[in-house]
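Each chain, letter by letter, is given below.
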Amino acid sequence: MTENAPAVSTATAPAAGGRFGGRGLNVAIVVAAAVTVAGLALWGVQLSGGMAQTGMRNLDSWGLYITMFMFFVGLSAGGLIISSVPKAFGMEGFGGISKVAVWTSICCTVLAIGFVVVDLGQPFRVWELFAYSNLGSPLMWDILVLGTYLVLSVVYLWATLRAEAGKVSPVALRVVSVIALVCAVLVHSVTAWIFSLQQAHDLWHTALLAPWFVSSALVCGTALVLVVVIALRRAGYISLERRHLERLAKMLGAFLCVDLYFFGCDLLTEAFPGGEGAETVAMLVSGPLAPFFWVEVVGCAAAAVVCFAPALRRNGLIVVASLLAIAGIFCKRVQLLVGGFQIPNLDYAFQANAMTVTDWEGGFEAAYQGLVYWPTPLELGVALGVLGLGALMLCLGLKFLPLGSAKRPR
């Protein structure tokens, strides 16, 4: 029996890999492509009818699209950081996850850029951003850094693949890793500065926002890598020792604690007696944004418990904890964007009408009862189409790029 055991294990490895790359993956590619095409059609409707078809108005000029932009920038930065840190500092890596993590990072970066594009009312004028660029604007910083980040991510993946073939030296790969790591941190910091440098919005104007964005990126990026890697490991696509999964889970728990700590510091500063942010905290804790607040706090705390408790660190619970962490960070983005428009720091003259608020029939008071902004079905459809593009890229990469490993996971 001892002599036959390895033969059984070896025989099952190709079957698992075959199942992964077979009919199921092809069906996923077709479905993702169909969703992408449907999203493009809805985007065409949005372009022809104008942005008035969305729930965004003058006082809520950003909505679902920019929320998703912030969210996916975080997902992309976290994935690249997890992949590049071990190489940059000469540390032990996480087995065979590096290439998969970088590819998910590239897909998320494309999604982030896609959400910016669909948010533009006139996307065919995007060339004006470069022809008449204002280098003193954080928006321009973000465009430059995000474009550089995407190119660096592709170069980093190419260098990793070439290094495995012995055609790129370890020193060169380490240099690329350091540059990619710096850019990954910078891209999320610049995204945070777009909001934190706006003095007119109370919830945004804080120096804590940039490090908070980086910690959130580490949370959701690590969580996404864990979900993808556990699924691919089960399918036989990659080989990964159990100890690497446990190390990633512990790291996720630590990142969650840091992120919750930043949130607690911000809430204490705002709500301390005599502070000016009591209204903001009340809006989050017991106001219209309370469901998002409590999903984030409770979900992230529960995820941290799973990550730190050895008895709970089983694959199924790790996936649940990772999904809770991702949902929590998404809720944080909703709170930040929608809440930032609710309580302005500056008073200014305003007239309520159909083009300025979403619920104007009852007057100014009625317009601000509950959430001012909520995405329309058109926005949800376009967003789903962009997500379909990301799923399509991920599936095509898993099918045609050498991201996996031939060994069966232990």
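Parameters and conventions
Residues numbered from 1 in each chain as written. Predicted model: local features only at pLDDT ≥ 70, side-chain atom pairs only at ≥ 80, totals over all residues. Heavy atoms only, no water. Helix = DSSP H or I, 4+ residues; strand = E, 2+ residues; numbered from the N terminus. Buried < 20%, exposed > 50% of the residue type's maximum accessible area, 1.4 Å probe, protein only. Contact = heavy atoms within 4.5 Å. Areas by Shrake-Rupley, 256 points an atom, 1.4 Å probe, with all protein chains shown as cover. Expected span 1.5 Å × (residues − 1). Salt bridge = Lys/Arg side-chain N within 4 Å of Asp/Glu carboxyl O. Axes fitted to C-alpha atoms, helices over the stretch in contact; angles between N-to-C directions. Parallel < 35°, antiparallel > 145°, perpendicular 65-115°, else oblique. Left-handed = near helix turned anticlockwise from the far one by under 90°. pLDDT = per-residue confidence, 0-100. Disulfide = S-S within 2.5 Å.

## Considering the overall build of the chain
The number of helices and strands found in the chain is 14 helices and zero strands. Listing the helices and strands of the chain from first to last along the sequence gives α-α-α-α-α-α-α-α-α-α-α-α-α-α. In the chain, buried positions account for 49% of the 410 residues. In the chain, the proportion of contacts linking residues at least 24 apart, taken out of those at least 6 apart, comes to 82%. In the structure as shown, the chain presents an accessible area of about 18900 Å², 69% of it carried by carbon and sulfur atoms.

## Quick word on helix α11 (residues 290-308)
Over its 19 residues, α11 extends 27 Å from the first C-alpha to the last, a length consistent with the 27 Å expected when each residue adds 1.5 Å. Among all positions in α11, only A290, F292, F293, E296, G299, C300, A303, A304, V306 and C307 are buried.

## Some remarks on the pattern of salt bridges
This structure, assessed with the given rule, holds five salt bridges. In this structure, K332 and D259 form a salt bridge, with 3.1 Å as the shortest nitrogen-oxygen distance. Here K332, found in helix α12 (residues 315-342), pairs with D259, found in helix α9 (residues 242-271); they are 73 residues apart in sequence, far enough to count as distant. Here the two residues K332 and D259 agree in accessibility, since each one is buried. A cluster of three or more residues bridged by salt bridges with shared partners is formed by D259, E296 and K332.

## Topic: the packing of α9 against α12
Close contact between α9 and α12 brings their axes to 11 Å; oriented N to C, the two are set at 30°. Comparing their axes, α12 and α9 come out roughly parallel. The hand of the α9/α12 crossing is left-handed. Contacts from R242, L245, A249, L252, L256, D259 and F263 of α9 reach α12 at N315, I318, S322, A325, I329, K332 and Q335.

## Focus on the confidence of the model for the chain
Per-residue confidence for the chain gives a mean pLDDT of 83; residues scoring 70 or more make up 85%. Of all secondary-structure elements in the chain, the lowest mean pLDDT belongs to helix α1 (residues 5-20), at 39, while α11 reaches the highest, 95. Between residues 406-410, whose pLDDT stays under 50, and residues either more than four places distant or in other chains, the model counts 15 contacts.

## Details of the state of the cysteines
Taken as a whole and assessed by the stated rule, the structure comprises zero disulfides. In this structure C307 is a free cysteine whose sulfur lies 9.0 Å from that of C257, the closest cysteine sulfur available. Since its relative accessible area comes to 3%, C307 is described here as buried. Looking at C331, it has no disulfide partner, and the nearest cysteine sulfur is the one in C300, 8.6 Å off.

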